[in-house]
Amino acid sequence: MDPLIIARLQFASTTIFHYFFVPVSIGLAFVIAIMQTLYVFKGQEIYKRMTKFWAVLFLINFAVGIVTGIFQEFQFGMNWSAYSRFVGDVFGPSLAIEGLLAFFMESTFIGIWVFGWNRLPKKIHLASIWLVSLGTIFSAFWILSANSFMQNPVGYEIADGRAQMNNFLAILTNPHLWAQFPHVLLTSLTTGAFLIAGISAWKIARKHDLEMFKKSFRISIVVGFLTAFAVLFTGHWQAQHLVQEQPMKMAAAEALWETSGDPAPFTVFAKINEKAKENDFEIQIPYLLSFLSYNQFNGSLEGINQLQDQYEAKYGPGNYIPPVKTLFWVFRIMTGAGGVMLLLGLYGMYASRKNTVTLEKHHKFMKLMPFAIALPFIANTAGWLLTELGRQPWVVFGLMKTEDAVSPSVSASEMLFSLISFTTIYAILGALTIYLFVRHIKPEQRKDPESPVSEEDPFNNKGGAEIVS
Amino acid sequence: MSLSEFWFILITVLFIGFFVLEGFDFGVGVVSRLLGKNDQEIRVYMNTIGPFWDANEVWLIVAGGAMFAAFPHWYATMFSGFYIPLVFMLLALIMRGVSFEFRGKVDSDRWRRIWDWSLFIGSLLPPVLWGVVLANFMTGMPIDANKEMTGNFLQFLHPFALLGGVMFLFLTLTHGLQFITIRTHGELQERARSMARKLTPITSVLFLAFIIIGYFISDVFSYHGQTFMVIPILAWVALLFANLHNNQKLDVKAFMLTSITIILLTGSIFLGMFPRVMISSLSEAYSLTVYNASSGGYTLKVMTIFSLFLLPFVLGYQAWSYFIFRKRIKQDDELEY
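Residues numbered from 1 in each chain as written. Chains lettered and ligands numbered in written order. Predicted model: local features only at pLDDT ≥ 70, side-chain atom pairs only at ≥ 80, totals over all residues. Heavy atoms only, no water.

**Some thoughts on the overall build of chain B**
Just so we agree on the cut-off: Counting from the N terminus, the helices are DSSP H or I runs at least four residues long and the strands are E runs at least two residues long. Based on C-alpha atoms, the radius of gyration is set beside the globule rule, defined as 2.2 Å times the residue count to the power 0.38. Only protein chains enter the accessibility calculation, which uses a 1.4 Å probe; a residue whose area is less than 20% of its type maximum is buried, one above 50% is exposed, and one in between is partly exposed. Contacts were defined at the residue level, with two residues in contact if any of their heavy atoms lie within 4.5 Å.
Along the backbone of chain B there are 11 helices and two strands. When its helices and strands are written in sequence order, chain B yields α-α-α-α-α-α-α-α-α-α-β-β-α. For chain B, the C-alpha radius of gyration of 20 Å lies close to 20 Å, the compact-globule estimate for 337 residues. Projecting the C-alpha coordinates of chain B onto the three principal axes gives extents of approximately 60 × 40 × 35 Å. Across the 337 residues that make up chain B, the buried fraction comes to 65%. Sequence-distant contacts in chain B: of pairs separated by 6 or more residues, those separated by 24 or more amount to 78%.

So this is what it looks like as structure tokens:
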């Protein structure tokens, strides 16, 4: 087997898995920080209870997110050493600064927060969870600055056969970064909010601890709706940006083989024929693609075949077309899931309009919401597939192809061993995470939410209700 | 001093920080299972590192990130070259990391036993593997003209490397036991102290063997002159004094001394490699050095500004976290089960 295929498979599987946990950590840290802020400033015990209930899920999730993140950093060197040599100069600093600025902060203050409930003044303890939240956001920023270099390389020159940084400010102001970061940050907040809203709705439908879960629902649905609404705009903004910067990615996401007419119609459905490089059948909405791309009802977009010719002229012969069918559908899955979340958020706001008293009346909605937890995860994964597959065949757009990035000294059997070990352990971790989540949420675990348990030890054996003091 | 030399020092410091901090973590992870006689005692031992282990592990992540940024070739050669040992180390770190969080979540003896084992193995493997890696740093590896490491996994496991692995494991065990003596009380503390009393002599013998054989088998202790052998010998002396202080129940001093042992040992290996960062066993000319493995001057300048600005904060709040949790963990009145 070709090491390249294994390395790609490993990168895809470990990254997708890691990215189930990252947005949840970012989102939950933020919402939990809001809950604890309400507790500190309103002084009502219910907010403390709420903070600690969601904290259990947050901490389980955070632990898995961290341990799977270590491999993310190491695998660039392990599987992609040629890539690391070529771009270490520009790509490495973002990772180093991420560690220095974000990871140290997150990991230190999470320890302080978990073990500090009864040792620190309330406001300082509150500050520690906000610093954790800030750390997760910084982390996202620096990772995306590194990713943005792969999508749209800036601030470098090629010297001695390597990309060398010559303008750090350009890396920080990379237009791709500023189109991507708000989008990723907001979708992460939506993810955390929908997780809380979905679980709260499940509890409300079963009339468990109504006071707490209705309040949780209201807080999370407000965050969920507002962020999902903002995601709509950042996504639109990012798409417009892609039309300029990575036209091939956009053309593939639209299955637009030939340069469109003016105005350009949006293709809702297409039966794509990648071999013949055309669509056998399509349903279109006139004007819409022009509007999505340029905010006006005219303007045409370049097609895949024309772009391929341009790239061959520029970069030499080769296939510069990413997997069109996959991109077309993941784009629709992502935006579709986003649209459904927006509607659910809107209805959730309506359902809880008079504080929380109106919530219980919406039985069907409350039974629907737990299923909606899947939506942000589907959308996030689809979004990353669009971003990363859309960049192919490049690992760094225009500079280095994926096939040239793989480690020359690592054998296929070594990589296969690694792939099998990591996917196995990740599968186990995934199953355990879900098991522990369900266990914590299940009602018999929380018959008496006021039961006194450990003040000191957040890891005791009270089935997950532990850090309730 | 050029910036690439400065970054070599900084990465050395990050590795020293990682070995000192996560060193006692690993030790505690291994001995908690051996010393704790019941669930509650194991939990007390684990909680001595509860608030810290995560941040300690970040020292490794930052060291890796800094290598990537400042010495891309070092990062690429080392991480792809030590492929299989790294796979095992990462798997161990994953098992270990989740065991802290998972262990207490289900009230079942079987469940806890699984995570006790996972913590045990996850804490035992990394120091062994790091010992192997350090020993290979000293003897050099088959690095070719393209800066790629050739050969297979078994070449890392020569006798000196295995000695390095066992020695480093024992060093972290001693270090971890000393940490427990300053974080616990009474019976639990006494148990750690008595285990340290038995283990440290073995550690000292292994340590002495490692540096003496290291002196003959590798050039790192003599590359800058024979007198540099003084540093690893001082490390060994510190270890002997640690044992002495442990016997006299001067716990904090004993812990400081085991820390000094790790600092001096790691420091002497990195210093002895300098200006090389990866020694090639094929030809001196193929060795990676701080000069031929480093990033461009601009990157190093940017990174220097960032790190000089951020490090004081990082060190400050990490020190503060140790200050907050400076109180010893008692067995009965603070842990409720």
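Read on for the rest.
**So, the pattern of salt bridges**
Residue and element names in this part refer to chain B. For clarity, the cut-off: We define a salt bridge as a side-chain nitrogen of Lys or Arg found within 4 Å of a carboxyl oxygen belonging to Asp or Glu.
Per the stated rule, a full pass over the model turns up 20 salt bridges over all chains. Residue Lys105 is joined to Glu101 by a salt bridge in which the shortest nitrogen-to-oxygen separation is 3.2 Å. Owing to a relative accessible area of 8%, Glu101 belongs among the buried residues under this scheme. For Asp219, the salt bridge is made with Arg276, and the minimal N-O distance between the two is 3.0 Å. Separated by 57 residues along the polypeptide, Asp219 in the loop between α8 (186-217) and α9 (230-247) and Arg276 in strand β1 (residues 276-278) bring together distant segments of the chain. Look at the salt bridges and you will find they share partners, linking Asp39, Arg103, Asp107, Asp109, Arg112 and Asp116 into a network.

**Here we look at the interface of chain A and chain B**
Note the following rule: Buried area is calculated as the accessible area (1.4 Å probe) missing from two parts once they are joined, with the contributions of both summed.
Each partner contributes residues to the interface: chain A has 82 residues there, and chain B has 75 residues. Between chain A and chain B the total buried area reaches about 6900 Å² when both faces are included, carbon and sulfur atoms providing 73% of it. Between the two partners, chain A and chain B, sit one salt bridge. A salt bridge links Glu148 of chain B to Arg85 of chain A; the nearest nitrogen and oxygen atoms lie 3.3 Å apart. Secondary structure elements with two or more residues in the side of chain A that touches chain B: α2 (45-79), α3 (81-115), α4 (122-151), β2 (162-165) and α14 (412-441) of chain A.

**Looking at unusual backbone geometry**
A cis geometry characterises the amide bond from Gln392 of chain A onward to Pro393 of chain A, with omega recorded as 5°. For Pro393 of chain A, the location among the structural elements is in the loop between α13 (374-389) and β5 (394-396). The residue after Phe274 of chain B, namely Pro275 of chain B, is reached through a cis peptide bond having omega 5°. Topologically, Pro275 of chain B is positioned in the loop between α10 (251-273) and β1. Within the chain, Asp209 of chain A stands out as a residue other than glycine whose phi angle is a positive 45°. Mapping Asp209 of chain A onto the fold places it in the loop between α6 (175-205) and α7 (210-245). Positive phi is not limited to glycine here, since Ala255 of chain A has a value of about 50°. Within the fold, Ala255 of chain A resides in the loop between α8 (247-253) and β3 (266-273).

**Regarding the side chain of Glu254 of chain A**
Residue and element names in this part refer to chain A. Selection rule: For this analysis, a polar contact is any N or O atom pair within 3.5 Å, provided that within protein one partner can donate a hydrogen and the other can accept it, and provided that sequence-adjacent residues contribute only side-chain to side-chain pairs.
Mapped onto the elements of the fold, Glu254 is located in the loop between α8 and β3. Within polar-contact distance, the side chain of Glu254 engages the side chain of Arg332 at 3.1 Å. Those residues in contact with Glu254 that lie beyond four places of it in its chain are Phe266, Thr267, Leu289, Phe328, Phe331 and Arg332.

**Comments concerning the environment of His125 of chain A**
All names here are of chain A. Mapped onto the elements, His125 comes out in helix α4. The exposure class assigned to His125 is buried, which follows from its relative accessible area of 2%. As for His125 and Ile137, which are separated by 12 residues in sequence, their C-alpha atoms are 19 Å apart. Not counting residues up to four positions away in its chain, the partners in contact with His125 are Gln36, Ile112, Trp113, Gly116, Trp117 and Leu120.

**Comments concerning the packing of aromatic side chains**
This is how the line gets drawn: Whether two aromatic rings pair depends on their centres lying within 6.5 Å, for rings of Phe, Tyr and Trp, where Trp uses its six-membered ring; planes under 30 degrees apart make the pair stacked, over 60 edge-to-face, and the rest tilted.
In this structure the tally under the stated criterion is 80 aromatic pairs over all chains. Taking 5.0 Å as the distance between ring centres and 55° as the angle between the ring planes, the aromatic pair formed by Phe109 of chain A and Tyr317 of chain B counts as tilted. Remark: Tyr317 of chain B occurs in helix α11 (residues 297-324) and Phe109 of chain A occurs in helix α3; the pair is interchain, linking two chains. Taken individually, Phe109 of chain A and Tyr317 of chain B each receive the classification buried, so the pair is uniform in this respect. Considering the side-chain rings of Phe24 of chain B and Phe179 of chain B, the 3.9 Å spacing of their centres and the 15° angle between planes classify their relative orientation as stacked.

**Topic: the packing of helix α11 (residues 324-351) of chain A against α13 of chain A**
Residues and elements named next belong to chain A. Quick note on the threshold: For helices, the axis comes from a line fit to the C-alpha atoms of the stretch in contact; other axes are also lines fit to C-alpha atoms, and the angle between any two N-to-C directions lies between 0 and 180 degrees. In this scheme the crossing of two helices becomes right-handed for a clockwise turn of the near helix relative to the far one and left-handed for an anticlockwise turn of less than a right angle. Any residue outside Ala, Val, Leu, Ile, Met, Phe, Trp, Tyr, Cys, Pro, Asp, Glu, Lys and Arg is labelled polar, Gly included; the first ten of those are nonpolar and the last four are charged.
Relative orientation of the contacting elements α11 and α13 amounts to 150°, with a least axis distance of 8 Å. Where α11 crosses over α13, the handedness of that crossing is left-handed. Residues Thr326, Leu327, Val330, Phe331, Ile333, Met334, Ala337, Val340, Met341 and Leu344 of α11 pack against Leu375, Pro376, Ile378, Ala379, Ala382, Gly383, Leu385, Leu386 and Leu389 of α13. Looking at the contact of α11 with α13 residue by residue, the class counts come to 17 nonpolar, two polar and no charged.

**Topic: the pairing of β2 of chain A**
Residues and elements named next belong to chain A. What counts, and what does not: One bridge is not enough; two strands pair if DSSP finds at least two bridges between them.
Side-chain alternation along β2 places Arg162 and Gln164 on one buried face and Ala163 and Met165 on a second face that is also buried. As paired elements, strand β1 (residues 156-159) and β2 share four bridges and run antiparallel to each other. Bridge pairing in β2 links Ile158 to Ala163. If you look at the hairpin formed by β1 and β2, you'll find two residues sitting between the two strands, and Asp160 has a positive phi there, around 50°.

**Here's the deal with a nonpolar patch on the surface**
Residue and element names in this part refer to chain A. The test is simple: Patch building starts from residues that exceed 30% relative accessible area and form no salt bridge, then joins like charges within 9 Å and nonpolar side chains (Val, Leu, Ile, Met, Phe, Trp, Tyr) within 5 Å. Every accessible area reported is derived by Shrake-Rupley at a probe size of 1.4 Å, with residue values counting cover from the shown protein chains alone.
A cluster of nonpolar side chains, Val268, Phe269, Phe281, Ile283, Ile285, Trp329, Ile333 and Ile378, forms an exposed patch at the surface whose accessible area comes to about 670 Å². Of all the secondary structure elements, the ones that give two or more residues to the nonpolar patch are β3, β4 (278-285) and α11. As for its position among the elements, Ile285 is in strand β4.

**What to know about the packing of α2 of chain A against α7 of chain A**
Residue and element names in this part refer to chain A. Applied cut-off: Here is the rule for angles: anything less than 35 degrees is roughly parallel, anything more than 145 is roughly antiparallel, 65 through 115 is roughly perpendicular, and the remaining ranges are oblique.
The interhelical angle for the contact between α2 and α7, taken along N-to-C directions, is 75°, at an axis separation of 10 Å. On the basis of the axis angle, α2 is roughly perpendicular to α7. Residues Ile46, Tyr47, Arg49, Met50, Phe53 and Trp54 of α2 form the contact with α7, whose participating residues are Glu211, Met212, Phe213, Lys215, Ser216 and Ile219. Among the residues forming the contact of α2 with α7, the class breakdown is eight nonpolar, one polar and three charged.

**Re the nonpolar core**
Let me state the cut-off plainly: The term nonpolar core refers to a set of buried residues drawn from Ala, Val, Leu, Ile, Met, Phe, Trp, Tyr and Cys, joined through side-chain atoms within 4.5 Å.
If you look at the biggest cluster of nonpolar residues, it comprises 244 residues, and the most contacted ones within it are Tyr83 of chain A together with Trp74, Phe137 and Met278 of chain B. Residue contributions to this core peak at 20 residues, all from α2 of chain A. Aside from chain neighbours lying at most four places away, what touches Met278 of chain B is Trp74, Thr77, Met78, Phe82, Phe137, Met141, Ile143, Met149, Ser287 and Leu288 of chain B. Counting 32 residues, the second largest nonpolar core, distinct from the first, contains Ala251, Leu301, Ala382 and Phe397 of chain A.

**Focus: the environment of Met46 of chain B**
Residue and element names in this part refer to chain B. Turning to its location among the elements, Met46 is positioned in helix α2 (residues 39-47). Accessibility expressed as a relative area gives 1% for Met46, which makes it buried. For the pair formed by Met46 and Val28, sequence separation is 18 residues and the distance between their alpha carbons is 7.0 Å. Here Met46 is in contact with Ser32, Ser99, Phe100, Arg103 and Leu119, once residues within four sequence places are set aside.

Take it as geometry only, folks, not as evidence of what the structure does.
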